[in-house]
Amino acid sequence: MNKRVSKSQLIPNVDRAFKILELLSASPDGLRFVDIYERLSLAKSSAFVLLDNLEMKGYVEKMSEGKYRATLRLFHLGSQVLKNMNIRTIALPFMTALRDDTGFPVHLAMLDGLDVVYLEKVEGTSFIRFDTYIGKRSPLHLTAVGKAIAAFLPEPQTDEILAARGLGGGTEKAAATLTEFKAMLQAVREQGYALEDEEEVLGVRCIGAPIRNYEGNVTASISIIALSREMPAARFSELSTKVIHTAGEISSALGGSR
(Lines give C-alpha, C1' and ligand atoms only; values in the text may rest on other atoms or scores of the structure.)
Protein backbone atom coordinates (compact mmCIF):
# COMPACT_ATOMS: atom_id res chain seq x y z
CA MET A 1 0.00 0.00 0.00
CA ASN A 2 1.50 3.32 -1.06
CA LYS A 3 0.25 5.69 1.65
CA ARG A 4 1.43 9.26 1.44
CA VAL A 5 2.91 10.69 4.65
CA SER A 6 1.42 14.00 5.73
CA LYS A 7 3.56 16.95 6.76
CA SER A 8 2.49 16.43 10.37
CA GLN A 9 3.98 12.92 10.26
CA LEU A 10 7.43 14.01 9.09
CA ILE A 11 10.20 13.16 11.55
CA PRO A 12 11.86 16.53 12.25
CA ASN A 13 15.49 15.42 12.19
CA VAL A 14 15.01 13.34 9.05
CA ASP A 15 13.37 16.31 7.35
CA ARG A 16 16.19 18.63 8.48
CA ALA A 17 18.89 16.21 7.32
CA PHE A 18 17.38 16.05 3.84
CA LYS A 19 17.10 19.83 3.72
CA ILE A 20 20.81 20.07 4.52
CA LEU A 21 21.63 17.58 1.77
CA GLU A 22 19.44 19.43 -0.74
CA LEU A 23 21.06 22.75 0.19
CA LEU A 24 24.60 21.38 -0.09
CA SER A 25 23.82 19.57 -3.34
CA ALA A 26 22.95 22.96 -4.85
CA SER A 27 26.16 24.54 -3.50
CA PRO A 28 29.16 23.05 -5.38
CA ASP A 29 31.65 25.33 -3.59
CA GLY A 30 30.40 24.26 -0.19
CA LEU A 31 28.90 26.31 2.63
CA ARG A 32 30.08 27.46 6.01
CA PHE A 33 28.41 26.10 9.12
CA VAL A 34 26.83 29.48 9.85
CA ASP A 35 25.44 29.66 6.28
CA ILE A 36 23.76 26.29 6.69
CA TYR A 37 21.97 26.84 9.97
CA GLU A 38 20.97 30.40 9.12
CA ARG A 39 19.58 29.56 5.67
CA LEU A 40 17.58 26.64 7.03
CA SER A 41 16.61 28.40 10.28
CA LEU A 42 18.12 25.59 12.37
CA ALA A 43 19.39 25.72 15.91
CA LYS A 44 23.21 25.60 16.00
CA SER A 45 23.20 22.47 18.15
CA SER A 46 20.77 20.66 15.86
CA ALA A 47 22.69 21.63 12.70
CA PHE A 48 25.98 20.50 14.25
CA VAL A 49 24.64 17.07 15.24
CA LEU A 50 23.02 16.51 11.84
CA LEU A 51 26.14 17.55 9.91
CA ASP A 52 28.29 15.36 12.14
CA ASN A 53 26.05 12.35 11.47
CA LEU A 54 25.92 13.01 7.74
CA GLU A 55 29.69 13.31 7.67
CA MET A 56 30.11 10.02 9.53
CA LYS A 57 27.80 8.29 7.04
CA GLY A 58 29.79 9.72 4.13
CA TYR A 59 27.09 11.97 2.67
CA VAL A 60 28.84 15.20 3.65
CA GLU A 61 32.50 16.14 3.93
CA LYS A 62 34.22 19.02 5.66
CA MET A 63 36.80 20.77 3.50
CA SER A 64 40.07 22.22 4.71
CA GLU A 65 38.70 25.78 4.71
CA GLY A 66 35.93 24.75 7.09
CA LYS A 67 33.12 24.55 4.55
CA TYR A 68 30.80 21.58 4.18
CA ARG A 69 29.86 20.02 0.86
CA ALA A 70 27.86 17.02 -0.34
CA THR A 71 29.75 13.94 -1.49
CA LEU A 72 29.03 11.61 -4.41
CA ARG A 73 27.43 9.05 -2.09
CA LEU A 74 23.98 10.33 -3.03
CA PHE A 75 24.87 9.97 -6.70
CA HIS A 76 25.99 6.40 -6.01
CA LEU A 77 22.66 5.55 -4.40
CA GLY A 78 20.75 7.14 -7.27
CA SER A 79 22.89 5.28 -9.78
CA GLN A 80 22.13 1.98 -8.05
CA VAL A 81 18.41 2.70 -8.22
CA LEU A 82 18.68 3.55 -11.91
CA LYS A 83 20.76 0.45 -12.58
CA ASN A 84 18.09 -1.74 -11.04
CA MET A 85 15.27 -0.23 -13.06
CA ASN A 86 14.75 -2.89 -15.71
CA ILE A 87 12.64 -0.55 -17.79
CA ARG A 88 15.83 1.18 -18.96
CA THR A 89 17.33 -2.07 -20.25
CA ILE A 90 14.07 -3.12 -21.87
CA ALA A 91 13.38 0.26 -23.47
CA LEU A 92 16.85 1.02 -24.81
CA PRO A 93 16.79 -1.09 -28.01
CA PHE A 94 13.35 0.27 -28.94
CA MET A 95 14.54 3.81 -28.26
CA THR A 96 17.58 3.24 -30.44
CA ALA A 97 15.39 1.94 -33.26
CA LEU A 98 13.16 5.02 -32.99
CA ARG A 99 16.24 7.26 -33.12
CA ASP A 100 17.50 5.42 -36.20
CA ASP A 101 14.10 5.80 -37.84
CA THR A 102 13.60 9.51 -37.11
CA GLY A 103 17.13 10.80 -36.53
CA PHE A 104 15.92 12.60 -33.38
CA PRO A 105 17.07 12.10 -29.78
CA VAL A 106 14.79 9.85 -27.72
CA HIS A 107 13.99 10.18 -24.01
CA LEU A 108 12.62 7.78 -21.42
CA ALA A 109 11.12 9.34 -18.28
CA MET A 110 9.15 8.53 -15.14
CA LEU A 111 7.28 10.58 -12.57
CA ASP A 112 9.23 11.17 -9.35
CA GLY A 113 7.43 13.28 -6.78
CA LEU A 114 6.38 16.53 -8.43
CA ASP A 115 8.61 16.20 -11.51
CA VAL A 116 9.43 13.89 -14.35
CA VAL A 117 12.96 12.47 -14.32
CA TYR A 118 14.82 11.38 -17.45
CA LEU A 119 15.96 7.77 -16.97
CA GLU A 120 17.55 7.22 -20.37
CA LYS A 121 18.48 9.17 -23.47
CA VAL A 122 19.61 8.15 -26.95
CA GLU A 123 21.32 10.98 -28.82
CA GLY A 124 20.14 11.93 -32.31
CA THR A 125 22.07 11.49 -35.52
CA SER A 126 22.63 15.20 -36.15
CA PHE A 127 25.25 17.45 -34.56
CA ILE A 128 22.56 19.30 -32.56
CA ARG A 129 22.60 18.56 -28.82
CA PHE A 130 19.79 19.42 -26.41
CA ASP A 131 20.11 20.22 -22.72
CA THR A 132 18.53 16.98 -21.55
CA TYR A 133 20.39 14.27 -19.69
CA ILE A 134 19.88 11.21 -17.53
CA GLY A 135 18.79 12.37 -14.09
CA LYS A 136 17.41 15.72 -15.22
CA ARG A 137 14.17 16.77 -13.56
CA SER A 138 11.56 18.78 -15.45
CA PRO A 139 8.08 20.08 -14.62
CA LEU A 140 5.23 17.75 -15.47
CA HIS A 141 3.22 20.44 -17.25
CA LEU A 142 5.95 21.69 -19.59
CA THR A 143 7.15 18.45 -21.16
CA ALA A 144 5.78 15.88 -23.58
CA VAL A 145 7.01 13.05 -21.35
CA GLY A 146 5.29 14.72 -18.39
CA LYS A 147 1.97 15.28 -20.13
CA ALA A 148 2.00 11.72 -21.52
CA ILE A 149 2.08 10.47 -17.92
CA ALA A 150 -0.14 13.14 -16.34
CA ALA A 151 -2.97 12.41 -18.76
CA PHE A 152 -3.40 8.98 -17.17
CA LEU A 153 -2.89 9.81 -13.51
CA PRO A 154 -5.88 9.99 -11.17
CA GLU A 155 -7.15 13.56 -11.41
CA PRO A 156 -6.68 14.25 -7.66
CA GLN A 157 -3.00 13.30 -7.98
CA THR A 158 -2.53 15.65 -10.94
CA ASP A 159 -4.29 18.43 -9.03
CA GLU A 160 -2.07 17.85 -6.00
CA ILE A 161 1.10 18.01 -8.09
CA LEU A 162 0.04 21.18 -9.88
CA ALA A 163 -1.06 22.81 -6.62
CA ALA A 164 2.37 22.18 -5.16
CA ARG A 165 4.42 22.84 -8.31
CA GLY A 166 2.40 25.56 -9.99
CA LEU A 167 2.12 26.20 -13.72
CA GLY A 168 5.01 28.64 -14.03
CA GLY A 169 8.52 28.29 -15.33
CA GLY A 170 7.82 27.96 -19.02
CA THR A 171 7.56 30.19 -22.06
CA GLU A 172 4.56 32.27 -23.09
CA LYS A 173 3.31 29.20 -25.00
CA ALA A 174 2.88 27.13 -21.84
CA ALA A 175 -0.52 26.54 -20.27
CA ALA A 176 -1.41 29.49 -18.05
CA THR A 177 -4.41 27.99 -16.26
CA LEU A 178 -5.43 24.62 -14.87
CA THR A 179 -8.35 24.52 -17.31
CA GLU A 180 -6.01 25.00 -20.26
CA PHE A 181 -3.63 22.32 -19.03
CA LYS A 182 -6.44 19.82 -18.45
CA ALA A 183 -7.63 20.43 -22.01
CA MET A 184 -4.13 19.45 -23.15
CA LEU A 185 -4.36 16.24 -21.12
CA GLN A 186 -7.72 15.43 -22.67
CA ALA A 187 -6.13 15.84 -26.11
CA VAL A 188 -3.39 13.38 -25.07
CA ARG A 189 -6.00 10.80 -24.11
CA GLU A 190 -7.86 11.29 -27.39
CA GLN A 191 -4.81 11.36 -29.69
CA GLY A 192 -2.59 8.89 -27.85
CA TYR A 193 0.37 11.24 -27.80
CA ALA A 194 1.51 14.42 -26.04
CA LEU A 195 2.92 17.48 -27.75
CA GLU A 196 5.37 19.91 -26.20
CA ASP A 197 5.13 22.91 -28.48
CA GLU A 198 7.92 25.28 -27.41
CA GLU A 199 6.46 25.37 -23.90
CA GLU A 200 9.68 24.73 -21.98
CA VAL A 201 12.16 26.16 -24.51
CA LEU A 202 11.32 28.37 -27.49
CA GLY A 203 12.24 26.78 -30.80
CA VAL A 204 12.07 23.21 -29.44
CA ARG A 205 9.28 20.64 -29.84
CA CYS A 206 8.76 17.15 -28.44
CA ILE A 207 6.28 14.37 -29.09
CA GLY A 208 5.72 11.85 -26.28
CA ALA A 209 3.65 8.76 -25.62
CA PRO A 210 2.78 6.74 -22.50
CA ILE A 211 4.25 3.39 -21.49
CA ARG A 212 2.08 0.88 -19.60
CA ASN A 213 3.24 -1.81 -17.21
CA TYR A 214 1.90 -5.36 -16.84
CA GLU A 215 -1.01 -4.04 -14.79
CA GLY A 216 -2.00 -1.67 -17.58
CA ASN A 217 -0.99 1.43 -15.63
CA VAL A 218 0.98 4.26 -17.24
CA THR A 219 4.28 4.30 -15.35
CA ALA A 220 6.64 5.95 -17.84
CA SER A 221 6.80 7.66 -21.21
CA ILE A 222 9.10 8.26 -24.16
CA SER A 223 9.54 11.25 -26.42
CA ILE A 224 11.48 12.54 -29.38
CA ILE A 225 12.89 16.08 -29.39
CA ALA A 226 13.81 18.39 -32.26
CA LEU A 227 14.07 22.00 -33.31
CA SER A 228 10.67 23.33 -34.33
CA ARG A 229 11.75 23.73 -37.95
CA GLU A 230 12.66 20.02 -38.04
CA MET A 231 9.36 19.04 -36.45
CA PRO A 232 6.73 21.16 -38.28
CA ALA A 233 3.05 20.61 -37.65
CA ALA A 234 2.83 18.84 -41.00
CA ARG A 235 4.93 16.00 -39.52
CA PHE A 236 3.02 15.56 -36.25
CA SER A 237 0.85 12.73 -37.59
CA GLU A 238 3.78 10.81 -39.09
CA LEU A 239 6.09 11.24 -36.10
CA SER A 240 3.46 10.67 -33.42
CA THR A 241 2.56 7.35 -35.05
CA LYS A 242 6.19 6.24 -34.72
CA VAL A 243 6.42 7.35 -31.08
CA ILE A 244 3.12 5.69 -30.16
CA HIS A 245 4.23 2.48 -31.85
CA THR A 246 7.53 2.46 -29.97
CA ALA A 247 5.83 3.15 -26.64
CA GLY A 248 3.51 0.24 -27.41
CA GLU A 249 6.45 -2.05 -28.11
CA ILE A 250 8.05 -1.14 -24.80
CA SER A 251 4.73 -1.66 -23.01
CA SER A 252 4.41 -5.11 -24.57
CA ALA A 253 7.96 -6.00 -23.55
CA LEU A 254 7.07 -4.99 -19.97
CA GLY A 255 4.05 -7.27 -20.07
CA GLY A 256 1.59 -4.44 -20.57
CA SER A 257 -0.89 -3.63 -23.29
CA ARG A 258 -0.24 -1.39 -26.25
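Residues numbered from 1 in each chain as written. Predicted model: local features only at pLDDT ≥ 70, side-chain atom pairs only at ≥ 80, totals over all residues. Heavy atoms only, no water.

### Let's talk about the packing of helix α5 (residues 86–102) against helix α9 (residues 236–253)
Alright, step 1. Running from N to C, α5 and α9 cross one another at 165°; their axes reach a closest spacing of 9 Å. Regarding the angle of α5 to α9, the classification is roughly antiparallel. α5 and α9 meet at a crossing whose hand is right-handed. Counting all contacts with α5, which are made through I90, A91, F94, L98, D101 and T102, the residues of α9 involved are L239, K242, V243, T246, E249, I250 and A253. (Axes fitted to C-alpha atoms, helices over the stretch in contact; angles between N-to-C directions. Helix = DSSP H or I, 4+ residues; strand = E, 2+ residues; numbered from the N terminus. Parallel < 35°, antiparallel > 145°, perpendicular 65-115°, else oblique. Left-handed = near helix turned anticlockwise from the far one by under 90°. Contact = heavy atoms within 4.5 Å.)

### Let's talk about unusual backbone geometry
Most peptide bonds are trans, and most residues other than glycine sit at a negative phi.
Alright, step 1. Backbone geometry places S41, a non-glycine residue, at a positive phi of 55°.
Alright, step 2. Locating S41 in the fold gives a position in the loop between α2 (33–39) and α3 (44–56).
Alright, step 3. Judged by relative accessible area, S41 falls into the exposed class, the value being 66%.
Alright, step 4. We note that E198 has phi near 60°; this positive angle belongs to a residue other than glycine.
Alright, step 5. By the element assignment, E198 lies in the loop between β6 (194–197) and β7 (204–212). (Buried < 20%, exposed > 50% of the residue type's maximum accessible area, 1.4 Å probe, protein only.)

### Some remarks on a nonpolar patch on the surface
Alright, step 1. Among the surface-exposed residues, I11, V14 and F18 lie close enough to one another that they form a single nonpolar patch of about 300 Å² accessible area.
Alright, step 2. Structurally, I11 can be placed in the segment before α1 (12–25). (Patch = residues over 30% accessible without salt bridge, like charges linked within 9 Å, V, L, I, M, F, W, Y side chains within 5 Å. Areas by Shrake-Rupley, 256 points an atom, 1.4 Å probe, with all protein chains shown as cover. Salt bridge = Lys/Arg side-chain N within 4 Å of Asp/Glu carboxyl O.)

### A word on the pairing of strand β3 (residues 106–112)
Alright, step 1. Pairing of β3 with strand β4 (residues 115–122) involves seven bridges; the strand directions are antiparallel. The partner of A109 across the bridge, within β4, is Y118. (Pairing = 2+ DSSP bridges.)

### Let's talk about α3
Alright, step 1. Taking 1.5 Å of rise per residue, the 13 residues of α3 would be expected to cover 18 Å, and the 18 Å separating its terminal C-alpha atoms lies within 8% of that figure.
Alright, step 2. Those residues of α3 that fall on the buried side of the exposure criterion are S46, A47, L50, L51 and L54. For α3, the angular spread of the buried residues around the axis is 125°, confining them to a single face. Along α3, exposed side chains directed more than 90 degrees from the buried face belong to K44, S45 and M56.
Alright, step 3. Close packing links the buried residues of α3 with α1, α2, β1 (60–62) and β2 (68–70).
Alright, step 4. After α3 finishes, the residue G58 shows a positive phi value of roughly 90°. (Expected span 1.5 Å × (residues − 1). Arc of directions from axis to C-beta.)

### Some remarks on the nonpolar core
Alright, step 1. F130 and F181 are the most contacted members of the largest nonpolar core, which totals 26 residues.
Alright, step 2. The set of elements that each furnish at least two residues to this core consists of β4, α6 (144–150), α7 (155–165), α8 (178–191), β7 and β8 (218–227).
Alright, step 3. In terms of residue count, α6 provides more of this core than any other element does, five residues in total.
Alright, step 4. If sequence neighbours within four positions are ignored, F130 has contacts with P105, K121, V204, I225, A226 and L227.
Alright, step 5. Listed in part, the 23 residues of the second largest apolar core include A209, I224, F236 and A247. (Core = buried A, V, L, I, M, F, W, Y, C linked by side-chain atoms within 4.5 Å.)

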